Amino acid sequence: MMALHALFLLRLVDAACMVLTLLAAGSLLPSGLSVFADYAGATICTLLCYPLWFYILDAYRAGREDFRDTTGRMAVACVLGCISSSTAAYVLDCTPFSKIMLVMTAVGTAILCLGWRYLYYRTSLRWGRPGRILLLGEDRDGVVRELLAEGLSRSVIVGFVGEERGGSASLSRLGAPSETLLVAREQDVSLIVVLPDTPLDDALAGELLAAKLAGIQVVDIRLLCEHMAQRLPLSQLDASWLLLNEGFSLNTRGSLRRLKRVMDVLCALLLLAAAAPVMLLAALAIALESPGPVIYCQRRVGLHEEPFTLYKFRSMREDAEMAGQPVWAARDDVRVTRCGAFLRATRMDELPQIWNVLAGDMSFIGPRPERPQFVRALKKSIPFYGLRHSVKPGLTGWAQVCYPYGASEEDARRKLEYDLYYIKNMSALLDIRIALRTLGVVLFPRGVR
């Protein structure tokens, strides 16, 4: 939640930086003209297009990646913001900015927004005091601490309240569950995190309610992770929680299912028309570089675990799996051709799957379909893995834009956490977010194999 507040602050200050830049650019106008009054259309296009590209290119990763990468994202976002805002102003027949004003706006926005990020992440550790967290239940394997560190890295876990179990504990036991409110007050706690194995009787529920009324946040670890990290932590899930919580309602909402199918067909036809020249060039490049078919056909598992044939541009040598056994792709895989490496990096190898979308085997947005051999193995080792087949697989999805390419069982486990979040919260708005983020992943690929 604190991370969400920081994200909102970044976006708010970005907007302020853009306004300041527009005011500075307005100084180039003749006397008596105002950038906000006389150039209102161009100004509105600027204030809409720049934040949109910031979001698409995930320009809020500062502090979680090398600052040079953040600089690259911001530079590209400002260039695309300049181009798209001027194009939008032209299409809408608004009074356009001059070329020097467009350049000044792009450069000024990049400098101010990058400068703010640099100062924020250099000084944020000195602002305020870290939050203090009390666990209700014992985190014996340290998984909960890892989850909390992902989004609340500045917070301090003071200990836990729970039953005496004996043996060594990774955190200090500060009392029994019946003493939760007393311990929270003594430790000046701001957040109580309830772990899944905590039995909530009437007395303990009363303690937690009293703590909540006293101004202390009380939250279930699974809901906290869902809102903070936007994934469902497998280590904390059980079937009853999945059943009783809101969400997982696509198959009971026929209108959403029909809308999703209509949008899939329309988007597939539009994309096919736009990408046809690129697909022809890609097919020619593949045929010239190495022998073998241009289109690679592979069996994948789809909706309700029904197999279907997936189509891709071939990106590996024809003898990539001579032994006949499926092999996870590896980083810098020697089987990938030079043309194939480019196609994978730009995701253009996926374009033939437009036919899968039109045929109804896939959707544009959904979990990535896996091969039957991998699915059989993963279902045995990963709990709830079969739930990802309750919706159609997709060309792109929440896991694909949030997590690098998966090439191991551990990667599959983490990507399933994002897939479960998508299935639980599926909506048209979330699909739009994923589509926009996918464009950013194409421009700044991470973890491509």
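In short, a report on the structure.

Scoring rules and cut-offs
Residues numbered from 1 in each chain as written. Predicted model: local features only at pLDDT ≥ 70, side-chain atom pairs only at ≥ 80, totals over all residues. Heavy atoms only, no water. Helix = DSSP H or I, 4+ residues; strand = E, 2+ residues; numbered from the N terminus. Buried < 20%, exposed > 50% of the residue type's maximum accessible area, 1.4 Å probe, protein only. Contact = heavy atoms within 4.5 Å. Areas by Shrake-Rupley, 256 points an atom, 1.4 Å probe, with all protein chains shown as cover. Expected span 1.5 Å × (residues − 1). Axes fitted to C-alpha atoms, helices over the stretch in contact; angles between N-to-C directions. Left-handed = near helix turned anticlockwise from the far one by under 90°. Nonpolar A, V, L, I, M, F, W, Y, C, P; charged D, E, K, R; others polar. Polar contact = N/O pair within 3.5 Å; in protein donor to acceptor, adjacent residues only side chain to side chain. Phe/Tyr/Trp six-rings, centres within 6.5 Å; stacked < 30°, edge-to-face > 60°. Lys NZ or Arg CZ within 6 Å of the ring centre and 35° of its normal. Arc of directions from axis to C-beta. Salt bridge = Lys/Arg side-chain N within 4 Å of Asp/Glu carboxyl O. Patch = residues over 30% accessible without salt bridge, like charges linked within 9 Å, V, L, I, M, F, W, Y side chains within 5 Å. Pairing = 2+ DSSP bridges.

This brings us to the overall build of the protein chain. Across its full length, the protein chain carries 16 helices and nine strands. Sorting the 449 residues of the protein chain into buried and exposed places 45% on the buried side. Put simply, 74% of the contacts in the protein chain that link residues at least 6 apart link residues at least 24 apart. Surface summary for the protein chain: the accessible area is close to 22,700 Å², and the carbon and sulfur share equals 62%.

For helix H3 (residues 67–91), which comprises 25 residues, the first-to-last C-alpha distance of 36 Å matches the rise-based estimate of 36 Å (1.5 Å per residue) to within 8%. Those residues of H3 not exposed but buried are Thr70, Arg73, Met74, Ala77, Cys78, Gly81, Cys82, Ser84, Ser85 and Ala89. Positive backbone phi, at 60°, marks Asp93, one or two positions downstream of H3.

Once that is clear, we can look at the environment of Leu232. Tracing the sequence through the fold places Leu232 in the loop between helix H8 (221–228) and helix H9 (239–244). We classify Leu232 as buried; its relative accessible area is 0%. As a C-alpha pair, Leu232 and Leu420 span 188 residues in sequence and 6.3 Å in three-dimensional space. Every residue in contact with Leu232, bar those within four places of it in the chain, is listed here: Glu226, Leu237, Trp241, Leu242, Phe248, Glu417, Leu420, Tyr421 and Lys424.

Bringing the packing of helix H2 (residues 40–56) against H3 into the picture now. Packing of H2 against H3 brings their axes to within 8 Å, and their N-to-C directions diverge by 145°. Where H2 crosses over H3, the handedness of that crossing is right-handed. Between H2, through Ala42, Cys45, Thr46, Cys49, Tyr50, Trp53 and Phe54, and H3, the contact on the second element is made entirely by Met74, Ala77, Cys78, Leu80, Gly81, Cys82, Ser84, Ser85, Ala88 and Ala89. Split by residue class, the contact of H2 with H3 holds 13 nonpolar, four polar and no charged.

With respect to the element layout, Lys260 can be found in helix H10 (residues 254–289). With relative accessibility at 13%, the residue Lys260 sits in the buried group. Among the polar contacts listed, one links the side chain of Lys260 to the backbone oxygen of Ile365, at a separation of 3.1 Å. Of the polar contacts made by the side chain of Lys260, one reaches the side chain of Asp431; its length is 2.8 Å. Leave out the neighbours within four places in its chain, and Lys260 touches Ser363, Ile365, Tyr422, Met426 and Asp431.

Turning next to the packing of aromatic side chains. What the rule picks out here adds up to three aromatic pairs. Between the NZ or CZ atom of Arg117 and the centre of the ring of Phe54, over which it lies, the distance is 6.0 Å.

Let's shift gears to helix H11 (residues 338–345). Of all the residues in H11, the buried ones are Cys339, Gly340, Leu343 and Arg344. For H11, the arc enclosing every buried residue in end-on projection is 135°, short of the 170-degree limit, so these residues lie on one face. Packed against the buried residues of H11 are H10 and strand S7 (307–313). Residue Arg347 follows H11 closely and has a positive phi angle near 65°.

The next thing to look at is the pattern of salt bridges. Following the criterion strictly, the structure yields 13 salt bridges and no others. For Asp220, the salt bridge identified is with Arg222, shortest N-O distance 2.8 Å. Since its relative accessible area comes to 18%, Asp220 is described here as buried. The class for Arg222 is buried, based on a relative accessible area of 7%. We note a salt bridge from Lys424 to Glu226, for which the minimum N-O separation is 3.2 Å. Here the residue Lys424 occupies a position in helix H15 (residues 409–424), and Glu226 occupies one in helix H8, the gap between them amounting to 198 residues.

A cluster of nonpolar side chains, contributed by Val19, Leu20, Leu23, Phe36, Leu47 and Leu112, occupies part of the molecular surface with about 470 Å² of accessible area. Overall, Leu23 belongs to the partly exposed group, its relative accessible area being 46%.

To continue, consider the sheet that holds strand S1 (residues 132–136). What the five strands build is an open sheet, ordered S3-S2-S1-S4-S5; its pairing is parallel. In this open sheet, the two strands that pair with only one neighbour each are strand S3 (173–175) and strand S5 (217–220). Across this sheet, the average inter-strand angle for adjacent strands is 35°, counted without regard to direction. As paired strands, strand S4 (residues 191–194) and S5 are joined by four bridges and run parallel to one another. Within S5, the position partnered with Val193 by the bridge is Val219. Those strands touched by H8 are S4 and S5, and its axis lies near 90° from that of S5.

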